[in-house]
Amino acid sequence: MRCVRIALYTYVLGVGLAGWAAVVGSVRGIIHDPQHRPVANAMVMIKAKTSDWAATMNSDANGEFVFNAVPLGEYAVSVSGTGFEQTQQDVLVASGSQPVLHFALNVAGTKETVNVTASPEGVLTDSHTPTTVVDREEISRTPGAARTNSMAMITDYVPGAYMVHDQLHVRGGHQTSWLVDGVPVPNTNIASNIGPQFDPKDIDYLEASRGGYGAELGDRTYGVFNVVPRTGFERNREAEVVLSAGNFYQTNDQFSFGSHSARLAYYASVNGNRSNLGIETPVPETEHDAANGYGGFGTLIFNADPSDQFRLVTSFRRDYYQIPYDPFPYDIENGLVNGVLTGQYPSLNLRDGDHEADAVANVSWVHTFNSKTLMTVSPFYHYNRANYDSSVSDPVATTDHRSSNYAGGQVSFSANVRRNDLQLGLYSFYQQNSELLGARFNDGSGNAFRVAENPTGSMTSFFIDDKFKPATWLTLSAGARPTHFSGGVMENSVSPRFGVALNVPKLKWTLRASYGHYYQPPPLLTASGPLLQFANNNNLAFTSLYGERDEESQFGVNIPWRGWVIDADTFQTNARNFFDHNNIGESNLFFPLTIERAHIRGWELTLRSPRLAHRALIHVAYSNQVAWAGGVISGGLTDFSSLDWAPLDHDQRNTLNVGADVTLPLRAYLSTNVYYGSGFINAFPGEPYPGDYLPGHTSFDLTLGKDFGERFSASVSALNVANRRYLIDNSVTFGGFHWNSPREAFLELKYRFHY
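Residues numbered from 1 in each chain as written. Predicted model: local features only at pLDDT ≥ 70, side-chain atom pairs only at ≥ 80, totals over all residues. Heavy atoms only, no water.

> Help me out: how do you make sense of the overall build of the chain in this one?
Across its full length, the chain carries three helices and 44 strands. For 755 residues, the compact-globule formula gives about 27 Å, and the C-alpha radius of gyration of the chain, at 26 Å, lands near that figure. Taken along the three principal axes of its C-alpha coordinates, the chain extends 95 × 60 × 45 Å. In the chain, 68% of the contacts between residues at least 6 apart in sequence involve partners at least 24 apart. When the accessible area of the chain is evaluated, it comes to approximately 28,300 Å², of which 58% is carbon and sulfur surface. Across the chain, the 54 positively charged side chains and the 73 negatively charged ones have centroids separated by 7 Å. (Helix = DSSP H or I, 4+ residues; strand = E, 2+ residues; numbered from the N terminus. Rg over C-alpha atoms; globule rule 2.2 N^0.38 Å. Contact = heavy atoms within 4.5 Å. Areas by Shrake-Rupley, 256 points an atom, 1.4 Å probe, with all protein chains shown as cover. Lys, Arg positive; Asp, Glu negative; His and termini not counted. Charge placed at Lys NZ, Arg CZ, Asp CG, Glu CD.)

> Sorry if this is basic, but what is going on with the sheet that holds strand 1 (residues 24-32) here?
In a beta sheet, neighbouring strands are held together by backbone hydrogen bonds and run either parallel or antiparallel to one another. Spatial ordering of the open sheet is given by 4-1-7, a layout of three strands whose pairing is mixed. Two strands in the sheet have a free side with no partner beyond their single neighbour: strand 4 (64-71) and strand 7 (100-104). Mean inter-strand twist for the sheet, computed between neighbouring axes without regard to direction, equals 20 degrees. (Pairing = 2+ DSSP bridges. Axes fitted to C-alpha atoms, helices over the stretch in contact; angles between N-to-C directions.)

> Hey, could you run me through the side chain of His165 in this one?
Within the fold, His165 resides in the loop between strand 10 (161-164) and strand 11 (167-170). In this structure the side chain of His165 is engaged in a polar contact, spanning 3.4 Å, whose partner is the side chain of His169. (Polar contact = N/O pair within 3.5 Å; in protein donor to acceptor, adjacent residues only side chain to side chain.)

> Sorry, what's going on with the pairing of strand 18 (residues 264-275) here?
Note on strand geometry: in a regular strand, side chains alternate between the two faces of the sheet. By the alternation rule, side chains of strand 18 split into Ala265, Tyr267, Ser269, Asn271, Asn273 and Ser275, which are all buried, and Leu264, Tyr266, Ala268, Val270, Gly272 and Arg274, of which none is buried. In the sheet, strand 17 (residues 251-260) pairs with strand 18 via 10 bridges, with the strands oriented antiparallel. In the sheet register, Ser259 faces strand 18, and the bridge partner there is Tyr266. The antiparallel hairpin formed by strand 17 and strand 18 contains three residues in its connecting segment. Sheet topology places strand 18 next to strand 19 (residues 291-305); 12 bridges connect them, and they run antiparallel. The residue bridging Asn271 from the neighbouring strand is Gly295, located in strand 19. (Buried < 20%, exposed > 50% of the residue type's maximum accessible area, 1.4 Å probe, protein only.)

> Sorry if this is basic, but what is going on with a nonpolar patch on the surface here?
On the surface, Leu243, Phe708, Phe712, Val716, Leu747, Leu749 and Tyr751 cluster together into a nonpolar patch covering about 590 Å² of accessible area. Of all the elements in the fold, those that place two or more residues in the nonpolar patch are strand 41 (712-719) and strand 44 (744-754). Examining the composition of the nonpolar patch, we find that three residues originate from one element, strand 44, more than from any other. Tracing the sequence through the fold places Leu243 in strand 16 (residues 238-246). (Patch = residues over 30% accessible without salt bridge, like charges linked within 9 Å, V, L, I, M, F, W, Y side chains within 5 Å. Salt bridge = Lys/Arg side-chain N within 4 Å of Asp/Glu carboxyl O.)

> I'm lost on the sheet that holds strand 12 (residues 176-180) in this one. Help?
What the five strands build is an open sheet, ordered 9-14-15-12-13; its pairing is mixed. Two strands in the sheet have a free side with no partner beyond their single neighbour: strand 9 (131-135) and strand 13 (183-184). One ladder, built from five bridges, connects strand 9 with strand 14 (residues 203-209); its direction is antiparallel. Bridging across to strand 14, Thr131 finds its partner in Ser209.

> Explain the pattern of salt bridges here, please?
Pairs can form between side chains of opposite charge whenever their charged atoms are close. Scanning the model with the defined rule gives 28 salt bridges in all. Among the ionic pairs, Arg136 bridges to Asp204, the shortest N-O distance being 2.4 Å. Linking Arg136 in helix 1 (residues 136-141) with Asp204 in strand 14, this pair joins segments that are 68 residues apart in sequence. In this structure, Arg136 and Asp204 share a single accessibility class: buried. Members of the salt-bridge network, linked through shared partners, are Arg171, Arg210, Arg512, Glu552, Asp567, Asp569 and Glu604.

> In this structure, what is going on with the pairing of strand 38 (residues 654-664)? I would like to understand it.
The pairing of strand 38 with strand 39 (residues 668-677) spans 10 bridges and is antiparallel. The residue of strand 39 that forms the bridge with Thr655 is Gly677. Counted along the chain from strand 38 to the antiparallel partner strand 39, the turn is three residues long, and its residue Leu666 has a positive phi close to 60 degrees.

> How should I be thinking about the packing of aromatic side chains in this particular structure?
Geometrically, a pair of aromatic rings is defined through the distance of the ring centres and the angle of the planes. Summed over the entire model, instances satisfying the criterion amount to 21 aromatic pairs. On the numbers, 5.6 Å between centres and 75 degrees between planes, the contact of Trp53 with Tyr75 is edge-to-face. In this pair, Trp53 is assigned in the loop between strand 2 (43-48) and strand 3 (54-58) and Tyr75 in strand 5 (residues 73-80), connecting sequence segments 22 residues apart. Judged by its relative accessible area of 3%, Tyr75 falls in the buried class. Members of the aromatic cluster, connected to one another through ring pairs, are Phe255, Phe257, Tyr266 and Tyr755. Across from the ring centre of Phe571, 4.0 Å away, lies the NZ or CZ of Arg171, which sits over that ring. (Phe/Tyr/Trp six-rings, centres within 6.5 Å; stacked < 30°, edge-to-face > 60°. Lys NZ or Arg CZ within 6 Å of the ring centre and 35° of its normal.)

> Help me understand the environment of Ser699 in this model?
Structurally, the position occupied by Ser699 is in strand 40 (residues 697-708). The class of Ser699 is buried, set by a relative accessible area of 13%. As for Ser699 and Val674, which are separated by 25 residues in sequence, their C-alpha atoms are 5.9 Å apart. If near-sequence neighbours (up to four positions away) are discounted, Ser699 is found in contact with Asn673, Val674, Tyr675, Asn720 and Tyr726.

> Would you take a moment to explain the side chain of Arg385 for this structure?
Take Arg385: it is sitting in strand 24 (residues 373-389). Summary of buried charges: Arg385 has no salt-bridge partner, and the nearest side chain of opposite charge, Asp354, is 8.6 Å away. Among residues more than four places away in sequence, those in contact with Arg385 are Asn193, Arg318, His355, Glu356, Ala357, Arg402 and Ser403.

> Would you mind going over the nonpolar core with me for this structure?
Considering soluble globular proteins, one finds that nonpolar side chains tend to be buried as a cluster. Counting 29 residues, the largest nonpolar core has Ile31, Ile46, Tyr75, Val77 and Phe103 as the members making the most contacts within it. Among the elements of the structure, strand 1, strand 2, strand 4, strand 5, strand 6 (86-93) and strand 7 are those that each provide at least two residues to this core. Here Ile46 is in contact with Val27, Trp53, Ala54, Ala55, Phe67, Val70, Tyr75, Ala76 and Val77, once residues within four sequence places are set aside. Met151, Met153, Val158 and Val227 belong to the second-largest nonpolar core, a separate cluster that totals 24 residues. (Core = buried A, V, L, I, M, F, W, Y, C linked by side-chain atoms within 4.5 Å.)

Structure, rendered in structure tokens:
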């Protein structure tokens with residue numbers, strides 16, 4: 001009977017930790033005159049498109065320039081020289097990319113002009129990693145994306161990304177990494193926490209990478225989300241108040257402030273939220289589904305001198321979620337027969353709740369030795385907690401309290417030597433968990449137990465990666481990532497990576513290909529005493545968990561055309577010891593497990609438009625994907641059975657998002673998103689839907705906003721405008737069945753002022 005909730009999602013030790021990206025990047029360039037001779041002493045300025053961050057320098061005798069310690073984001077680089085017309089190019093600085101700009105100056109005429117070369121935003125010509133960059137304006141204007149617990153900034157823009165059973169899935173897996181300012185946020189308990197790692201309102205840019213990583217980008221095969229936070233460079237002693245209110249008694253509010261000088265920038269915020277519609281419900285009706293939370297965020301950047309920069313990032317949050325239940329005793333889920341619940345996922349009369357907390361602190365020291373070498377040192381600390389409690393009156397009242405402490409750091413060194421961009425570094429952390437697991441059987445079905453465990457573990461990774469440019473249009477990449485893991489088991493792995501990016505001259509198409517191996521260490525899993533006996537009584541056992549080992553290959557193309565950017569790729573991932581989770585009997589007691597093998601393949605497409613008629617932007621994200629698994633249960637919770645080769649529960653063949661942002665007269669705007677999914681695997685064909693997959697589904701979101709002067713703005717949003725309801729999944733997952741959320745409508749007000 002589904003009356004138990006002991007959420008042991010003690011997920012993959014180190015998989016959330018092995019992602020690495022640069023805290024800062026670099027921008028290089030070469031300046032020539034009409035005869036292709038180098039232009040020395042030309043003034044070069046780089047300016048952020050979304051803030052006041054800027055830097056200037058002069059070209060050297062070879063006409064070359066380099067800006068080191070450039071934060072990730074979008075920039076405009078302008079060049080002016082005596083006797084030449086001023087010219088400008090746009091550039092995107094992203095992880096794993098070292099853009100090189102070429103400026104051909106024209107002799108100035110009698111009239112001063114500025115020649116602007118508009119490079120399509122988001123085009124990476126030297127990277128083999130498919131990357132989607134979403135900026136803070138897109139987050140602010142995308143319907144619902146700026147709410148504290150929203151994942152729309154990912155699911156609306158990243159192909160193959162969707163929410164199912166309250167978890168984010170990307171490319172057929174749910175092991176994804178969160179990074180802030182390029183520093184990993186270690187978390188081995190991904191599946192026990194709901195919502196994003198950071199409040200979307202605190203994000204300046206979100207850089208979403210999916211597969212094809214260099215050695216410096218870690219081992220989280222399915223997705224890496226690097227958050228570039230707000231820093232204060234976008235403000236000048238300015239504060240902002242955000243207030244909202246809508247149906248289901250929802251509100252999502254924030255107060256933030258920030259400023260900067262030539263050497264110092266700071267930003268801080270506090271937020272709070274609540275709603276009577278928290279997480280996905282097992283039936284269309286909403287029962288016992290309230291949620292509330294509060295949190296804060298802060299950044300500080302200090303330029304001690306031209307060679308040394310210090311960056312501090314801190315965040316905290318606390319959240320509470322009621323666990324919704326099915327109030328209908330005789331339906332397919334509860335199946336009440338003669339006073340006994342015999343359905344598929346009985347939840348009648350349960351009143352469970354989940355308390356979560358999280359805190360992050362990291363410091364980065366960025367030291368520039370010279371124009372070609374850079375070092376970063378980034379110690380960090382992360383605390384994460386998830387406490388799940390049942391009502392004392394539940395037939396089986398359960399307790400799962402888990403907290404995790406992580407301490408570690410990364411040291412990285414990058415050098416540009418001739419045509420090589422070399423990166424090497426060390427990443428390491430230590431983890432200590434505190435777990436309390438217990439159950440009281442009020443229905444007399446078992447003996448009460450209470451187990452406390454304190455497992456520990458550690459992981460150390462060394463990485464070396466080199467990007468070689470034999471020609472301006474060709475980038476070759478090779479690297480390796482040795483890893484040592486120590487926890488319930490000890491494992492070593494060496495993961496090689498190879499990649500190529502070829503920029504076709506004149507066409508400006510970028511063809512890319514990559515091949516790599518990835519090692520994702522196992523979770524800290526302990527099961528002993530009464531807990532182990534409880535599993536044995538359900539004809540289950542525990543075997544050692546070993547790390548997931550993935551082999552991935554992919555090929556892609558990036559096509560800029562008249563301001564449009566089309567990006568397409570095809571990928572294939574073969575996994576051994578694929579990480580998943582399963583429950584004990586008909587309970588909701590989950591433990592990690594590994595499946596002998598998995599095969600995920602697909603092709604993806606993204607499209608970004610220029611501003612059409614000076615008003616409209618369009619974005620498209622599409623994925624056609626197959627995610628299968630089979631073989632024996634090779635580790636963790638097992639009944640020693642062998643699974644037939646079949647789709648995973650989150651296998652959805654077609655996923656499509658189409659969005660538009662339209663600037664209207666009178667400083668107003670309209671933003672929309674249409675989502676289509678072809679339907680996930682059907683765990684119970686014929687009850688009530690025929691076929692192996694649940695029906696396809698479509699939803700439509702809308703936001704209408706307007707600025708009233710420079711200080712005040714307002715917007716009205718509606719999610720799932722048509723109130724179209726559908727069953728997302730009915731697999732053995734968190735809470736059993738899951739339906740999409742009903743229509744939500746809310747008003748948001750923003751007020752900005754100087755202090």
